[in-house]
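Next come the chains, spelled out residue by residue.
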Amino acid sequence: MQGTAQEFMTEWYLTEICHIADTGHAQVWKVRTQRGQEAALKVYRRADMGNEGPGLHLLERWQDRGAVEILALAQNAVLMGWLEGPTLGDIARNGAPDRAAEMLAETARRLHQGPPPSQAGLEPLEKTFAAMFDCQFASDCPAGLKQDMTRGMALARALLNGTELKHPLHGDLHHDNVIVTDAGLRVIDAKGYVGDPAFELANALRNPKGLEDLMRQPDHIERYLTLYADAMNAARARVAKWAAAKCTLSIFWRSGGTLSGDREADLLNLLLAVADQ
């Protein structure tokens, strides 16, 4: 049964501090728990948490590995520990991209240390990529981009078909989803996928936002690719291929299904070139 914000405030013995955000599909409040702890209450407009549900359940299973503290979960609401501090994206944008990348790699290594948690309720990567294989191209789509997207889709299909080891994955582990708090690095906004561990930091090569020129420097790609592969104990070549596949997927998502052009067309071309090495 769908609950309201006031019902959760009562049920979880919360007092409101202030309304923080309206994300479109949810409302967020900064609250205080009965024990005096500051927390974030997120209440979804629909009867459940939609595609955010799997990620929240995974974060709950990763409580001892650096995930944001999940204090309570309901069908359409979550109560999380309040996080203060800059993201790794902020650190990178403020002049320390190498340090931010090292901390991101450290975060990934910690999440995946020890036995993998339960895969129950998580989304297979095959499902995440499925719609992309029906991508359509508008008549004005540049020939080079169409060719690269076709290559990227073929690469993704081969990776998915060739995955033998499957683990729970954050699924969107990049700089702005890790916060540097007084208590250490804390991870937020997981997607909750199941798939190849080499996928986990694929999206990090497209981040952080605001440093687009840096992302396109070949030496940057090469250096961080090695760092991220080492963090996941994965083959460097496979991480490179997943980076190109994830860029292909993101371009498809932005297209709405029919592609004309995209701001990351040049980045896709670069990542495909690295994947071909």
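Here the structure is a predicted model, which is why all the values come from computation and not from measurement.

## Digging into the packing of helix 8 (residues 218–231) against helix 9 (residues 236–255)
- Orientation of helix 8 relative to helix 9, taken along the N-to-C sense of each, is 115°, at an axis distance of 9 Å. One way to sum up the angle between helix 8 and helix 9 is to call them roughly perpendicular. With respect to the hand of their crossing, helix 8 and helix 9 are arranged in right-handed fashion. Counted together, Glu222, Leu225, Thr226 and Ala229 of helix 8 and Arg236, Val239 and Ala240 of helix 9 form the full contact between these two elements.

## Concerning unusual backbone geometry
- The step from asparagine 207 to proline 208 runs through a cis peptide bond, and the omega angle for that step is 5°.
- Along the polypeptide, proline 208 turns up in the loop between strand 11 (193–195) and helix 7 (212–215).
- Even without glycine at this site, tyrosine 13 takes up a positive phi of about 55°.
- Inspection of the secondary structure puts tyrosine 13 in the loop between helix 1 (5–11) and strand 1 (15–22).
- Unusually for a residue other than glycine, aspartate 189 sits at a positive phi of about 55°.

## Some thoughts on the sheet that holds strand 8 (residues 167–169)
- Strand order in the open sheet made by the three strands is 6-11-8, with mixed pairing throughout. Whereas interior strands pair on both sides, the edge strands pair on one side only; in this sheet they are strand 6 (123–124) and strand 8.
- Direction of pairing for strand 6 relative to strand 11: parallel, over a ladder of two bridges. Looking at the pairing, glutamate 123 lines up with tyrosine 193 of strand 11.

## Details of helix 9
- Here helix 9 spans 29 Å end to end across 20 residues, near enough to the 28 Å set by a 1.5 Å rise per residue.
- Of all 20 residues in helix 9, 14 are buried, a share of seventy percent or more.
- Positive backbone phi, at 75°, marks glycine 256, one or two positions downstream of helix 9.

## Regarding the side chain of threonine 181
- Relative to the helices and strands, threonine 181 resides in strand 9 (residues 178–181).
- Within the structure, the side chain of threonine 181 is placed 2.7 Å from the backbone oxygen of glycine 184, a separation counted as a polar contact.
- Among residues more than four places away in sequence, those in contact with threonine 181 are Leu83, Glu84 and Arg186.

How each quantity is defined
- Residues numbered from 1 in each chain as written.
- Predicted model: local features only at pLDDT ≥ 70, side-chain atom pairs only at ≥ 80, totals over all residues.
- Heavy atoms only, no water.
- Axes fitted to C-alpha atoms, helices over the stretch in contact; angles between N-to-C directions.
- Helix = DSSP H or I, 4+ residues; strand = E, 2+ residues; numbered from the N terminus.
- Parallel < 35°, antiparallel > 145°, perpendicular 65-115°, else oblique.
- Left-handed = near helix turned anticlockwise from the far one by under 90°.
- Contact = heavy atoms within 4.5 Å.
- Pairing = 2+ DSSP bridges.
- Expected span 1.5 Å × (residues − 1).
- Buried < 20%, exposed > 50% of the residue type's maximum accessible area, 1.4 Å probe, protein only.
- Polar contact = N/O pair within 3.5 Å; in protein donor to acceptor, adjacent residues only side chain to side chain.

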